[in-house]
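Survey of secondary and tertiary structure
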Amino acid sequence: MRRFFIAILFAFVALPLGAQTTPAAQDSAQDKKAGKEISASDDPTAATSESKAVPLGEIRRFVTTYEAVKNAYVEPKTDAQLMHSAVRGLLLDLDPHSVYFDHDDAERFDEDAEGQYEGLGIQVQQQPNATLRIVAPMDGSPAQKSGLKSGDIITAIDGKPVDRDNGNRQLRGKAGTPVRLTIRRKGVAKAFDVKVVRAKIVVPSVEAKMLEPGFGTVRVSGFQANTAVEFEQAITRLKQQSGGKLRGLIIDLRSNPGGLLNAAVQMADDVVNSGTIVSTRGRQKEGDTVYTAAPGDLLDGAPIVVLVDAGSASASEVLAGALKDLKRARIVGSRTFGKGSVQSLLPLDNGDAVKLTTARYYTPSGKSIQGVGIKPDVIVRADGKQASAGDYRESALPGHLRGDDETDGGDDTGGEVLDGQAPLNAALVELKRMAGVTTAAAVAAPALKRKAQ
């Protein structure tokens, strides 16, 4: 049976879905440091605890419309099709994060949350002609071991043309099962077949590297089930490379759309000694939760910079907001997306699922970032120019849940996607300043902020 997920999700066209947490009893972050898992932010079953009867007149109106469509629509529709449409319609006028998941979408959501799936370990892009272009095979994956390369075109799977709407799903399957791909490769005259055996694929979400002696960065691309553990392992490696202690750390959350709330809470708890990390509040008060930190700091007080941009959403904003409010880190970059609502994923008995907005989350200072995002302490512009916030914000989504502090005037504090090395360099300048390193670049950091403002 599919597990329940409590979700803080990011609905953004160019990025994957983001943040949910696994449910259990409501525990504090102290349990995590005692070896227990952190629980859900609220109870997805709570929504049914005080349900009220639907008025008879509304039931009659629905049945009348249902019968009219079934009997008179120009083409016949089955009861299953009509009920499926009716359920979707219940969510249609809610906020953009409340949606109905078909079975395949619900399974994909689970896989994204877990950070693992069974397949080939390959990133593909569906082409207009229904073929699949290989963007890149993962290192050590079955796809790479079978000789598949970036740029290869998959024209058929097990001898059948690629499904125009669901080609990527055709590559998934039970670990140990083979699949035959027909490949077209640049420079090779004829198409050829490649046999690949599926395996369990674990998608890493954390990358770490040293920028300068004593100063490291951890790039978090999403918050998955194992992200907090990967973060702790990355810190251990960086400390070893620095002779046992780091002088400072950059947590790079650029274009991180979110993921498991648990992971964001655990990461914050890894570097703070006390205080509230995040809280959630909704209509079902028994589901309101406060997550607090327990003693223990993996960095022993070394300064932290969190690098964010307009694509930093949901669980990314939970982590950034917690470290900012608790005075544990400085935020560098562009205003974040502003996704501050909580969703519950409710599995249905047919394998489908409903993702429903049930609460808002609040930073340690008690503020909601819904619709407004987090304003950095040091603002970095893309290419040194101010750009319009455009659609890179929650408040631009049609029908979005209005935030507590949202205004009609908008916000011009950034809202840009910050790619490349320059924003990371700016973050390093600020980090070294915080660490007391008086280099020419570090002294220039305050000027960078004044110019940006």
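For the structure, check the block above.
Now for a description of the structure that goes with this document. Just so you know, these numbers come straight off a predicted model, no measurement behind them.

In terms of regular secondary structure, the protein is built from 12 helices and 21 strands. Counting the 453 residues in the protein, one finds 46% classified as buried. Of the contacts made within the protein by residues no fewer than 6 positions apart, 70% connect residues no fewer than 24 positions apart.

Moving on, we get to the nonpolar core. Formed by 45 residues in total, the largest nonpolar core has its most connected members in Val218, Phe223, Leu249, Ile251, Val306, Leu319 and Leu323. For this core, the element with the highest residue contribution is helix 8 (residues 261–271), accounting for seven residues. Setting aside anything within four residues of it in sequence, one finds Val306 in contact with Ile251, Leu253, Ala320, Leu323, Ala329, Arg330, Ile331 and Val332.

To continue, consider helix 10 (residues 422–434). Since the α-helix packs 3.6 residues into each turn, any two residues three or four apart lie on the same face. Look at helix 10: 19 Å from first C-alpha to last across 13 residues, which is about the 18 Å you get at 1.5 Å a residue. Listed in full, the buried residues belonging to helix 10 are Pro423, Leu424, Ala426, Ala427, Leu428, Val429, Glu430, Leu431 and Lys432. Looking at the residues trailing helix 10, positive phi occurs at Gly436, about 85°.

We now examine the sheet that holds strand 13 (residues 215–220). Read from one edge to the other, the open sheet built from six strands follows the order 12-13-14-17-18-21, with strand pairing classed as mixed. Of all the strands in the sheet, just strand 12 (206–212) and strand 21 (378–379) have a single pairing partner and so form its edges. Inspection of the sheet shows strand 18 (residues 329–333) paired to strand 21 by two bridges, in the parallel sense. In the sheet register, Gly333 faces strand 21, and the bridge partner there is Ile379. Running over the sheet, helix 9 (residues 315–325) touches strand 14 (248–252), strand 17 (304–308) and strand 18 and is turned about 130° from strand 18.

With their axes 11 Å apart at the nearest point, helix 2 (residues 56–72) and helix 3 (residues 79–92) run at an angle of 135° to one another. The pairing of helix 2 with helix 3 is recorded here as oblique in orientation. Of the two possible hands of crossing, helix 2 and helix 3 adopt the one that is right-handed. Between helix 2 and helix 3, the contacting residues are Phe62, Tyr66, Val69 and Lys70 on the first element and Asp79, Leu82, Met83 and Ala86 on the second. Here the residues of the contact of helix 2 with helix 3 are counted per class, giving six nonpolar, no polar and two charged.

Position of Gly243 among the secondary structure elements: in the loop between helix 7 (227–241) and strand 14. When its relative accessible area of 75% is taken as the criterion, Gly243 is described as exposed. When the C-alpha atoms of Gly243 and Pro213 are compared, they prove to be 9.5 Å apart, with 30 residues separating the residues in sequence.

Turning our attention to the packing of aromatic side chains. Under the criterion given, the structure shown has one aromatic pair. Ring plane angle 40° and centroid distance 6.0 Å describe the contact between Phe62 and Tyr66, whose orientation is recorded as tilted. Linking Phe62 with Tyr66, this pair stays in helix 2, spanning four residues, or about one helical turn. Above the ring of Tyr117, the side-chain terminus of Arg172 is found at 3.9 Å from the ring centroid. For Arg281, the ring lying beneath its charged end belongs to Tyr362, and the centroid distance is 3.8 Å.

Look at Asp158: it is not a glycine, yet its phi comes out positive at around 55°. One can find Asp158 in the loop between strand 7 (153–157) and strand 8 (160–161). On the basis of relative accessible area, Asp158 is assigned to the partly exposed category, the value being 41%. A positive phi angle, close to 55°, is found at Asp300, a residue other than glycine. In this structure, Asp300 sits in the loop between strand 16 (289–292) and strand 17.

Evaluation of the coordinates by the stated rule reveals 12 salt bridges. The salt bridge involving Asp297 is made with Arg328; its shortest N-O contact spans 3.0 Å. Residue Asp297 is found in the loop between strand 16 and strand 17, and its partner Arg328 is found in the loop between helix 9 and strand 18; the two are separated by 31 residues along the sequence. One continuous salt-bridge network, built from bridges that share partners, spans Arg219, Asp252 and Arg254.

Turning next to the environment of Phe215. As for its placement among the helices and strands, Phe215 is situated in strand 13. Exposure remark for Phe215: the relative accessible area of 2% places this residue in the buried category. Placed 87 residues apart in sequence, Phe215 and Ala302 show a C-alpha to C-alpha distance of 9.9 Å. In this structure Phe215 touches Met210, Arg247, Gly248, Leu428, Leu431, Lys432, Ala435 and Val437, once residues within four positions along its chain are discounted.

In terms of burial, helix 9 is largely enclosed, as nine of its 11 residues are buried. The complete set of buried residues in helix 9 reads Ala315, Ser316, Glu317, Val318, Leu319, Ala320, Gly321, Ala322 and Leu323. As for helix 9, its buried residues are in contact with strand 14, helix 8, strand 15 (276–282), strand 17, strand 18 and strand 20 (353–362). Residue Lys327 follows helix 9 closely and has a positive phi angle near 60°.

Further remarks concern a nonpolar patch on the surface. On the surface, Val54, Leu56, Ile59, Phe62, Val63 and Met83 cluster together into a nonpolar patch covering about 520 Å² of accessible area. Here the nonpolar patch takes four residues from helix 2, the largest share from any one element. Among the structural elements, Val54 can be located in the loop between helix 1 (30–33) and helix 2. Judged by its relative accessible area of 53%, Val54 is exposed.

Rules used in this analysis
- Residue positions are given per chain, counting from 1 as you read along its sequence in written order.
- Given that the model is predicted, a residue must reach a pLDDT of at least 70 before its local features are reported, and side-chain atom pairs must reach 80 or more before they are shown or counted; all residues, however, enter totals for whole chains, interfaces and linings.
- Note that water and hydrogens are dropped before the side-chain values are worked out from all heavy atoms of the structure.
- Secondary structure is summarised from DSSP: a helix means a run of H or I of at least four residues, a strand means a run of E of at least two, and numbering begins at the N terminus for each.
- Each residue is assigned to one of three classes by its accessible area relative to the maximum for its type, calculated with a 1.4 Å probe on protein chains only: buried under 20%, partly exposed between the two thresholds, exposed over 50%.
- Only heavy atoms matter for contacts: two residues are in contact if any of them lie within 4.5 Å across the pair.
- Residues belong to one nonpolar core when they are buried, are Ala, Val, Leu, Ile, Met, Phe, Trp, Tyr or Cys, and are joined through side-chain atoms within 4.5 Å.
- To estimate how far a helix should reach, multiply one less than its number of residues by 1.5 Å.
- We call two strands paired when DSSP finds no fewer than two bridges between them.
- Every axis in this analysis is a line fitted to C-alpha atoms, fitted for helices over the stretch in contact. Angles between the N-to-C directions lie between 0 and 180 degrees.
- Should an angle fall under 35 degrees it is called roughly parallel, over 145 degrees roughly antiparallel, and 65 to 115 degrees roughly perpendicular, with every other angle called oblique.
- Two helices that cross are described as forming a left-handed crossing if the nearer one is turned anticlockwise from the farther one by less than a right angle, and a right-handed crossing if clockwise.
- In this classification, Asp, Glu, Lys and Arg are treated as charged, Ala, Val, Leu, Ile, Met, Phe, Trp, Tyr, Cys and Pro as nonpolar, and every other residue, Gly included, as polar.
- Side-chain rings of Phe, Tyr and Trp (the six-membered ring for Trp) are treated as a pair once their centres are within 6.5 Å; stacked means planes under 30 degrees apart, edge-to-face means over 60, and tilted covers the remaining angles.
- Charge over a ring is defined by NZ of Lys or CZ of Arg lying within 6 Å of the ring centre and within 35 degrees of the ring normal.
- We count a salt bridge whenever a side-chain nitrogen from Lys or Arg sits within 4 Å of a carboxyl oxygen from Asp or Glu.
- Within this analysis, patches are made of residues with over 30% relative accessible area and no salt bridge. Like charges are joined at 9 Å or less; nonpolar side chains (Val, Leu, Ile, Met, Phe, Trp, Tyr) at 5 Å or less.
- Areas reported as accessible are Shrake-Rupley estimates using a 1.4 Å probe. Residue values count occlusion only from the protein chains shown.

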